[in-house]
Amino acid sequence: MKLLHTPEGVRDIYNGECEKKNKLQENLHNTLKKYGYHPIQTPTFEFFDVFNHEVGTIPSKDLFKFFDREGNTLVLRPDITPSIARAASKYFMDEKIPIRLSYMGNTFINNSSYQGRLKESTQLGAELIGDSSVDADTEIIVLVIELLLTAGLKDFQVSIGQVDFFKSLIKEANFDEETEENLREYITNKNIFGVEEILSIPEFSSELKEIFLKMTHLFGSIEVVSEAKRLTTNEGAINALQRLEKIYEVLSFYGFEQYVSFDLSMLNSYQYYTGVIFRAFTFGTGDAVVKGGRYDQLMARFGKNSPSIGFAVVIDQLMNALARQKIDIPIEKNTTLIVYTENMRQNAIHLAMNLRKKSCNVELILMDYNNETDIYEDYALKNHIQEILIINNNKVKKINIEEKHIQELTMEDLLY
Ligand SMILES: N[C@@H](Cc1c[nH]c[nH+]1)C(=O)O
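Calculation notes
Just so you know, the residues in each chain are numbered from 1, in the order the chain's sequence is written. With pLDDT at 70 or above as the cut-off, local features in this predicted model cover only qualifying residues; side-chain atom pairs require 80 or more to be listed or tallied, and sums for whole chains, interfaces and linings still use all residues. For side-chain calculations, the full set of non-hydrogen atoms in the structure is used, while hydrogens and water are omitted. In this description a helix means any DSSP run of H or I spanning at least four residues, a strand means any run of E spanning at least two, and both kinds are numbered starting from the N terminus. Using a 1.4 Å probe on the protein chains alone, a residue whose accessible area is under 20% of its type maximum counts as buried, one over 50% counts as exposed, and one in between counts as partly exposed. Computed by Shrake-Rupley with a 1.4 Å probe, the accessible areas treat only the displayed protein chains as cover when residues are assessed. All tallies of charge rest on Lys and Arg as positive and Asp and Glu as negative; His and the ends of each chain are not included. In this description, the location of a charge corresponds to atom NZ of lysine, CZ of arginine, CG of aspartate or CD of glutamate. Throughout, a residue-residue contact means that at least one pair of heavy atoms, one from each residue, lies within 4.5 Å. Polar contact is defined as a pair of N or O atoms within 3.5 Å, subject to the rule that within protein one atom must be able to donate a hydrogen and the other to accept it, and that residues adjacent in sequence are counted only when both atoms are side-chain atoms. By convention a nonpolar core is built from buried Ala, Val, Leu, Ile, Met, Phe, Trp, Tyr and Cys residues, the set being connected through side-chain atoms within 4.5 Å. Helix axes are fitted to C-alpha atoms over the stretch in contact, other axes to C-alpha atoms as well, and angles between N-to-C directions run from 0 to 180 degrees. The handedness criterion is simple: a crossing whose near helix is rotated anticlockwise from the far helix by less than a right angle is left-handed, and one whose near helix is rotated clockwise is right-handed. When residues are grouped by polarity, Ala, Val, Leu, Ile, Met, Phe, Trp, Tyr, Cys and Pro land in nonpolar, Asp, Glu, Lys and Arg in charged, and all others, Gly among them, in polar. Proximity is defined per residue: if any heavy atom of the residue lies within 4 Å of a molecule or strand, that residue is considered near it. At least two bridges found by DSSP between two strands are what make those strands a pair.

Trainee: I keep staring at the overall build of the chain and nothing clicks. Help me out?
Mentor: The helix and strand tally for the chain stands at 14 helices and 17 strands. Seen through its C-alpha atoms, the chain measures out along the principal axes to roughly 95 × 55 × 45 Å. Taken across its 416 residues, the chain has 47% of its residues classed as buried. Here the chain has roughly 22,000 Å² of accessible surface; of this, 50% comes from carbon and sulfur atoms. For the chain, the separation between the mean place of its 45 positive charges and that of its 60 negative charges on side chains is 4 Å.

What follows is the structure in structure tokens.
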């Protein structure tokens, strides 16, 4: 019995769901192509160092680790961005023009099973490497919106935060690492009492106190960015906020500003982020369907000093959301199922090859006399097959599945 089961956190995807997933990925990939992103594939596993603590992706205990024959520690990638950073540093070291890369692949995180989370998930993403401009930030956010629209979503929000805003304030406050971590956690959980407790030191400036306390409320329209600007004189924080205003302005040139909101309390993400970060949310799934941000120092770890930004669409979350919102992923139904008797083999093969040449998909099955026609019809319905041709002694029965229409033909009608 165990033979049929998969381990906790991984699953089989088959039939219509698999066809839809493939189709969705193809559609999204085509949208990335429209923006000039070039595909890249990196290996599913890498040396441990690509994902070590300094890189700032997930903690080491959540990695799937194993050894090669030489005793090196290898890791199933939990995140594709560090792999792209490694590959881009290796292959595009002297490139002067920004590099646009797109990818699709599975990531593996050994999270605790009780959360019911998947340990293997599919991501489709893009990285814009070697461009520190507002234009790059905006293009990446625009791409996220384009992809969600391509998927068929109508109700979604891209929530934008700014790592530099919090970091600049923390620097001014001069907290030790532990206090910073606690404050980060309290703000993320909107635990105002925790924040108050940390700020209860008398020598703390009232301006800093006020902004940290208000941070849990600083999310919503572009107004929250102006509000935050009024609350601080910290130069780094103001620069970070001005960057968000600029992005908002450029977004309006695309006509996409209605899809975004701002969240200055968005703090719990990968450590490699340095500037704007974002997540996209929609109904039907609690987790983000897209995550991403700017990482200006990550590439330097691999030897290429290139400010960069990117995102990943979590395909499985997006599929969940689409299913819950009853948004279909249309798949082409141009497959014909040919069921033939043994004495009609040559004709059936001939017909199948002719149809395939004309770009039809043909599934060829030798008839089993134990099966009634409706067994083939049920199978066709389940597998998005458009029509069945039952070839029996020169007589052909053509069944259109959707219209439930039956036509009697001869072999000559079909072959010539
Ligand atoms: N790799 C990040 C998303 C991302 C891509 N580029 C930048 N960030 C993640 O898995 O969350």
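What follows continues from the structure just given.
Trainee: Mind showing me how you'd approach helix α4 (residues 163–173) here?
Mentor: For an α-helix the count is 3.6 residues per turn, leaving residues at separations of three or four pointing the same way. Within the span of α4, buried status applies to V163, F165, F166, S168, L169, I170 and A173. Summarising the contacts, the buried residues of α4 are in contact with β7 (156–162), α5 (177–188), α7 (206–214), α8 (223–231), α9 (235–254) and β10 (276–282). Of the residues flanking the start of α4, the one acting as N-cap is Q162, its side-chain oxygen 3.0 Å from the backbone nitrogen of D164. Phi turns positive one or two residues past the end of α4, at N174, with a value near 60 degrees.

Trainee: I would appreciate a short explanation of the nonpolar core in the present structure.
Mentor: One recurring pattern in soluble globular proteins: nonpolar side chains tend to sit buried together. Grouped together as the largest cluster of nonpolar side chains are 70 residues, with contacts concentrated most on I141, F165, F212, F278 and F311. Considering each element in turn, this core owes the most residues, 11 residues, to helix α3 (residues 134–151). Apart from residues no more than four positions distant in its own chain, F212 is found in contact with F166, L169, I170, A173, F175, L183, I187, V195, L199 and F204. F51, I80, A85 and I109 belong to the second largest nonpolar core, which has 27 residues in total.

Trainee: I would appreciate a short explanation of the packing of helix α1 (residues 15–34) against α3 in the present structure.
Mentor: Geometrically, a packed helix pair is captured by the angle between its two axes and the distance between the axes. Relative to each other, α1 and α3 sit at 145 degrees, their axes nearing to 9 Å. With respect to the hand of their crossing, α1 and α3 are arranged in right-handed fashion. Facing α1, whose interface residues are L24, N27, L28, T31 and L32, α3 presents L143, E146, L147, T150 and A151. Looking at side-chain class alone, the contact of α1 with α3 contains 6 nonpolar, 3 polar and 1 charged residues.

Trainee: Before we go on, may I ask you to explain the site of the ligand in this structure?
Mentor: The environment of the ligand is made up of 15 residues, and the closest members are D79, T81, E127, Y273 and G310. E127 places a polar side-chain atom, nitrogen or oxygen, 2.8 Å from a nitrogen atom of the ligand. In the environment of the ligand, an oxygen atom lies 3.1 Å from a nitrogen or oxygen atom belonging to the side chain of K291. Alone, the ligand offers 300 Å² of accessible surface; in the complex the protein occludes 99% of this. Elements supplying a minimum of two residues to the shell around the ligand: β6 (120–129), β11 (290–294) and β12 (308–314). Considered class by class, the residues forming the shell around the ligand number 7 nonpolar, 5 polar and 3 charged.

Trainee: Help me understand the sheet that holds strand β14 (residues 361–366) in this model?
Mentor: In space, the 5 strands of this open sheet follow the order β14-β13-β15-β16-β17, with mixed pairing throughout. Edge positions in the sheet fall to β14 and β17 (405–410), since each has one partner strand and no second. With strand direction ignored, the average angle separating the axes of adjacent strands in the sheet is 20 degrees. As paired strands, strand β16 (residues 395–400) and β17 are joined by 6 bridges and run antiparallel to one another. Within β17, the position partnered with K397 by the bridge is E408. Contacting β13 (335–340), β14 and β15 (387–392), helix α12 (residues 345–357) runs over the sheet at an angle of about 165 degrees to β14. Here helix α13 (residues 373–382) sits on the sheet and contacts β13, β14, β15 and β16; the angle it forms with β15, its principal contact strand, is near 150 degrees.

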